[in-house]
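Survey of secondary and tertiary structure
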Amino acid sequence: MTDVVAWLKENGNLKIIEEPLDVELEIPHVAYIEVKKEDSRPLLFVKPVNRKKGIEYDIPVLMNIFANKEITQKIFGKHPDQIALRIDELMKLKPPRGFRAKLAMIPKLFALRNVFPKRSRGKGECQEVVYSKENADLDILPILKTWEGDGGPFITMGQVYTQSIDGKTQNLGMYRLQQYDKKTLGMHWQIHKDASHFFDQYQKEGKKMPVTVAIGGDPLYIWCGQAPMPYGMFELLLYGFVRGKNAKTVKSLTNDIYIPRDVDVVIEGFVDPVKMKIEGPFGDHTGYYTLREPFPVMEVDTITMKKNPVFQATVVGKPPLEDKYMGWATERIFLPMLKPMAPDLIDYNMPENGVFHNLILAKMKTLYKGHAQQFMHAFWGVGQMSFVKHAVFVGEKAPDLEESEKLIEHILNRLDKSKILITQGVVDHLDHASPEQFVGGKLGIDATADEIGEGVEHPLSDGQLLERMQKIDETICEVKQYMVHTKTPVCFISVTKKESQKYVISKLHELKAHIKLLVIVDKANNALDNPYMLIWRVANNIDAQRDIVLEPFIAIDATNKDKHDRHEREWPGDTFCTKEVLDRLQEKKVIDIDDAFVKKFGLLPFEQ
Ligand SMILES: Cc1cc2nc3c(=O)[nH]c(=O)nc-3n(C[C@H](O)[C@H](O)[C@H](O)COP(=O)(O)O)c2cc1C
């Protein structure tokens, strides 16, 4: 895949947008809308401009490369399950017995020779054009500002190549990079990530850390950059394994870091460990802004590129997004790697509206009491799986994990309070719900057993419940019950919050004959008839230890937290599109959306 654009034209139904569009908001808004469509396509913006800076870029912007499952599969060259199968076979490799078995093993071992990146001498295609020192100006790149509230433009599909201080280990991570000016970038490698561990080594020794950021080339590089490989394993090994071909690398011009030779753009520089700068805010893939926080700064020394480069970028915000498809491949390919620590795991699914780390559904074979709890602890203790906030385990007879309706029904018929584990552990750097950054509540539900006996004692209609509730508390605005035919109907209510919801819940105890599972959301920006976005909101907004009450019924407070909850950290806002930009794009006929679409995906704030 040397020319991605040509390849996408042939294989990906690439949509080319000739209209000059601004890198600030316009291009990202078009891509954000496209990826939410059923038949989402990759997009090439051939005339990016920056009206504020008065720039017409020579470099086109390529977005939404992982536009759907079909194209993702084509990028991999095969279904991710087939790659998982090969990994599984390798992990189960046993010493061969007999001559025939030895012969059969040869091709498998031979294929492994493709795994290691190959270093070539001389310059790569990515170094055809060189801008060094004072000519190295980040403004030649069409770097996007996605959201109105973003702290600036960000490189969103950067492959960040770093190496350990002894030079023995190299890493590829996908981290966003804020452009501060013509020469500096904010390095948003989160505290748990490999580049941050390398950074610690340089900081300890007081040495400058070389960094090379690559953009473009084979889209598989970017998938490898986000893959949760264990610390110390270079992600380009995974590239070689998947492609069946070694990644071909060349040395950066100004440091010893090797990068794939076919990438489009390369930014070389260093991070001085004594310099930190405020990064953000940035509308993130959680659908919320991540707040301002100090991060290391990269000082750019040299920029190189192909003669005709394209600039790859993505847009993050509320689901569904491009990471839905990248995440799908990751989920499939990493299944066999989870099995050594959880051998009776059958399958797992991380739905995109659970923002991946916020919700995992797992199917397992239970062999003994406490088996599901054992898996919960195993998951919460390993690598990036440990960021998972909510884990639900079902038994082997449960419906397919992607059949959401049937699966939810199955879980609700087995939701037993005595099988709910609430504990504390490490949470994702981006989690905003935990009272303290980096540690927070974990919820584990063991739904592997048989159906529970009792349902709701005296079911009521939504209207009857609302009437009873509003007599108890006037901040309650709406009621909608889901899955009323199950043993545990889910009763959503929306409120205009004026106090801690713990207090509201305690007042609702008298309705215990009518409720088994209550979920509270704010009235603002939540539609009770939109379960997809409700799951997104709840999974994001709760800290299980603080926000879940189990008696007399299960109650979940998924409202935004504030002083009423003694939540001292700033609570971030949702990512919303800019109305004028949407209107302008609609007028230019670059997008075509209606009010239902806007509401379905929460593109704009709800009218109060
Ligand atoms: C679209 C997208 C954006 C991401 N942005 C960041 C980021 O800014 N910072 C970060 O630490 N991880 C980010 N990640 C997650 C990392 O890429 C992922 O955790 C990866 O495994 C990190 O690699 P490492 O373990 O080698 O550090 C992002 C992932 C995706 C799909």
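Above: the structure in question.
Described in the following lines is the structure provided in the data block. Every value quoted in this text rests on a predicted model; they were computed, and no experiment measured them.

Here we come to the nonpolar core. Considering soluble globular proteins, one finds that nonpolar side chains tend to be buried as a cluster. The biggest cluster of nonpolar side chains holds 66 residues, and the ones touching the most others in it are L62, F66, Y161, W223, Y348 and F393. Tallying contributions element by element places helix α9 (residues 322-338) first for this core, with 7 residues. Here this core spans two domains, since at least three of its residues come from each of domain 1 (4-78 + 111-313) and domain 2 (340-447). Beyond its immediate chain neighbours, meaning those up to four positions away, W223 contacts F66, F76, L238, V242, M326, A329, T330, I333 and F334. One finds Y32, V300, I303 and L604 within the second-largest nonpolar core, a separate group that totals 65 residues.

Further remarks concern the pairing of strand β28 (residues 490-495). In terms of residue burial, β28 counts as a mostly covered element, since 6 of its 6 residues are buried. Both faces of β28 are covered, namely the face carrying V490, F492 and S494 and the face carrying C491, I493 and V495. Pairing between strand β27 (residues 476-482) and β28: 6 bridges, direction antiparallel. By the bridge assignment, I476 is partnered in β28 with V495. Strand direction decides the pairing type here: β28 and strand β29 (residues 517-522), joined by 6 bridges, are parallel.

Another aspect to go through is unusual backbone geometry. Between G280 and the following residue, P281, the backbone shows a cis peptide bond with an omega angle of -5 degrees. Here P281 is to be found in the loop between β17 (265-279) and β18 (282-283). Across the junction of E551 and P552, the peptide omega takes the value 0 degrees, indicating a cis bond. For P552, the position within the fold is in the loop between β30 (548-549) and β31 (554-557). Positioned with a positive phi, V355 is a non-glycine residue whose angle comes to about 50 degrees. A positive phi angle, close to 60 degrees, is found at F356, a residue other than glycine.

Each value, and the rule that gives it
Residues numbered from 1 in each chain as written. Predicted model: local features only at pLDDT ≥ 70, side-chain atom pairs only at ≥ 80, totals over all residues. Heavy atoms only, no water. Core = buried A, V, L, I, M, F, W, Y, C linked by side-chain atoms within 4.5 Å. Buried < 20%, exposed > 50% of the residue type's maximum accessible area, 1.4 Å probe, protein only. Helix = DSSP H or I, 4+ residues; strand = E, 2+ residues; numbered from the N terminus. Domains from an automatic or database assignment. Contact = heavy atoms within 4.5 Å. Pairing = 2+ DSSP bridges.

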